[in-house]
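Per-entry structural report
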Amino acid sequence: MYAQHIHSRHTILSACLRRELDGFYVDAYANLRSRVSELGSPRCKPTIHLFLDSYRYWAKNSDSYSDALSLSPGRVRWMAAYHTQVARPLALDNVEAVPDGIVLRDVIGLKFFGLFDPWEAEAVGCFNTFVRQQYERIFTDVHANLHYDNIRFIGPNVSVDNYRYAFNLEPGPSRRMFMEDMISRSLKTLVRALESDNNEELACFIAHFLETGPTVALTLSEAMRVGGNLERRSYYPSVKDAAESRRDSMLFLGDSSPPTGPPLSWVRLWEEEYINVYGSIIPESLRLWGHVMWDAARWSNMGMEKLIHQQWLPGSLRVACLEEYWG
């Protein structure tokens, strides 16, 4: 094994680096190319502008920059060293001291949503709901292919190694666990799954990721649950929480790009009063519509007022939570 590593270490390190930086590889590559040895010195304005134009082009065209495997061993080792010695430590250093009662792996998830206005966090939640819908359909399509009862996993001639790719994707706790794992695998993974029109190939694709085990500690769904909202307020209160306590007004200022204020749906949902909550407390039916992503004209055509008022049924658990925790 050691001999194999020595012989193929560049290939192995390149593959690991690409996987570790999935979704952020272009940023690491840009950092590599911004070194003095690459960019030159002095770094005058024209040079910087040209580099930024290149970076924008790389970000839009995935085939316009070098893959890790095609880089020299020295460059790959530099990117790996930068990731482990600079980028990751800086990310961890920006996490404040962890309060008692909350584990470190949950801190980033809770603090992340505190950086945004609540309607922006809700937009993330709406998209997460969409992604979950897609994986629900995918799991339904492939669960028979991957179930333990499938013929490929039965019989005396079946290799024990095959059982690594057998999973119970029927509705239940296992399915929910696997669902959160796949959702955490980036949008690129979902797009690749949606592009497949062959059920067997899709099953193999999903099994490949599930076999590697969970990749996430705090899931997006957990961070956006009612308890996640309360933990964030308790450990990391913000000026937005203060605005809610003061019952500040919240007005719709019109649709613009980029947005300068809350969308009409959010303003109407909370009757023009600033509320710093998001996630599972919001009616699921609204999130399925992606309500905070719509402009005023579309909401008007759909009869928004009636749709919103239908969500808050008296006596519902959602209303009870709001009354107990937020008054």
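The residue numbering used here restarts from 1 in each chain and proceeds along that chain's sequence as written. In keeping with the predicted nature of the model, local features appear solely for residues at pLDDT of at least 70, side-chain atom pairs appear and are counted solely at 80 or more, and the whole-chain, interface and lining totals rest on all residues. To obtain the side-chain values, all non-hydrogen atoms of the structure were included, while hydrogens and water were left out.

**Points about the nonpolar core**
This is how the line gets drawn: In these notes, a set of buried Ala, Val, Leu, Ile, Met, Phe, Trp, Tyr and Cys residues joined through side-chain atoms within 4.5 Å is what counts as a nonpolar core. For the exposure calls, accessible area comes from a 1.4 Å probe over protein chains only, and a residue counts as buried if that area is under 20% of its type's maximum, exposed if over 50%, partly exposed in between. Strands are runs of DSSP state E lasting at least 2 residues, helices are runs of H or I lasting at least 4, and numbering of each runs from the N terminus.
Residues M250, W266, L269, W270, I282, L286 and W299 are the most contacted members of the largest nonpolar core, which totals 23 residues. Listing elements by their share of this core, those giving two or more residues are α7 (118–146), α14 (264–269), α16 (296–302) and α17 (304–309). For this core, the element with the most residues is α14, which contributes 4 residues. Counting residues in each nonpolar core, the second largest holds 20 residues, with Y135, M179, I206 and L210 among its members.

**Observations regarding helix α8 (residues 173–183)**
Note the cut-off: Contacts are assigned to residue pairs with any non-hydrogen atoms lying within 4.5 Å of each other.
For α8, the set of buried residues is R175, F178, M179, E180, D181, M182 and I183. The secondary structure elements touched by the buried residues of α8 are α7, α9 (187–195), α10 (199–211) and α11 (220–223).

**Quick notes on the packing of α7 against α9**
Let me state the cut-off plainly: Every axis corresponds to a line fitted to the C-alpha atoms, with the helix fit spanning only the stretch in contact, and the corresponding angles, defined between N-to-C directions, vary from 0 to 180 degrees. Our angle categories are set so that under 35 degrees counts as roughly parallel, over 145 as roughly antiparallel, 65 to 115 as roughly perpendicular, and the remainder as oblique. Whether a crossing is left-handed or right-handed is set by the direction in which the near helix is turned from the far one by less than a right angle, anticlockwise for left-handed and clockwise for right-handed. Each residue is assigned to one class: nonpolar for Ala, Val, Leu, Ile, Met, Phe, Trp, Tyr, Cys and Pro, charged for Asp, Glu, Lys and Arg, and polar for all the others, Gly among them.
At a minimum axis separation of 11 Å, α7 and α9 run at an interaxial angle of 40°. Here α7 lies oblique to α9, going by the angle between them. For the element pair α7 and α9, the recorded crossing hand is left-handed. On α9, the residues touching F127, V131, Q134, Y135, R137 and I138 of α7 are L187, T189, L190, A193 and L194. Looking at the contact of α7 with α9 residue by residue, the classes come out as 8 nonpolar, 2 polar and 1 charged.

**Points about unusual backbone geometry**
For residues besides glycine, phi is generally negative; the peptide bonds are generally trans as well. Residues other than glycine seldom take positive phi values, yet E271 does so here, at roughly 50°. When you line up the elements, E271 lands in the loop between α14 and α15 (284–288). In this structure E271 comes out as exposed when scored by relative accessible area, which is 62%. Although it is not a glycine, E272 sits at a positive phi angle of roughly 65°. Its location among the elements puts E272 in the loop between α14 and α15.

**Some remarks on the packing of aromatic side chains**
We apply this condition: Ring geometry is summarised as follows: Phe, Tyr and Trp rings, the Trp one being its six-membered ring, pair when their centres sit within 6.5 Å, and such pairs are stacked at plane angles under 30 degrees, edge-to-face over 60 and tilted between the two.
In the structure shown here, the tally under the stated rule is 8 aromatic pairs. Ring centres 5.7 Å apart and planes at 45° place the aromatic pair F127 and F130 in the tilted group. Within this pair, F127 and its partner F130 are both found in helix α7, separated by 3 residues, close to a single helical turn. With 5.0 Å between their ring centres and 70° between their planes, F205 and F209 make a pair best called edge-to-face.

**A short note on a nonpolar patch on the surface**
This is how it is decided: Note that patches include only residues with greater than 30% relative accessible area and no salt bridge, and the join distances are 9 Å for like charges and 5 Å for nonpolar side chains (Val, Leu, Ile, Met, Phe, Trp, Tyr). Areas reported here follow the Shrake-Rupley algorithm with a probe of radius 1.4 Å; residue values treat only the protein chains shown as occluding. Between Lys or Arg on one side and Asp or Glu on the other, a salt bridge is scored when a side-chain nitrogen of the former is within 4 Å of a carboxyl oxygen of the latter.
Taken together, the side chains of F127, F130, L187 and M293 make up a nonpolar region of the molecular surface, amounting to roughly 370 Å² of accessible area. Mapped onto the secondary structure, L187 falls in helix α9. With relative accessibility at 46%, the residue L187 sits in the partly exposed group.

**Some words on the packing of α8 against α10**
The contact between α8 and α10 brings their axes to 10 Å, and the two run at 95°. By the angle between their axes, α8 is roughly perpendicular relative to α10. Every residue of α10 that contacts α8 at F178, D181 and M182 is listed here: I206, F209 and L210. Considering only residue class, the contact of α8 with α10 consists of 5 nonpolar, no polar and 1 charged.

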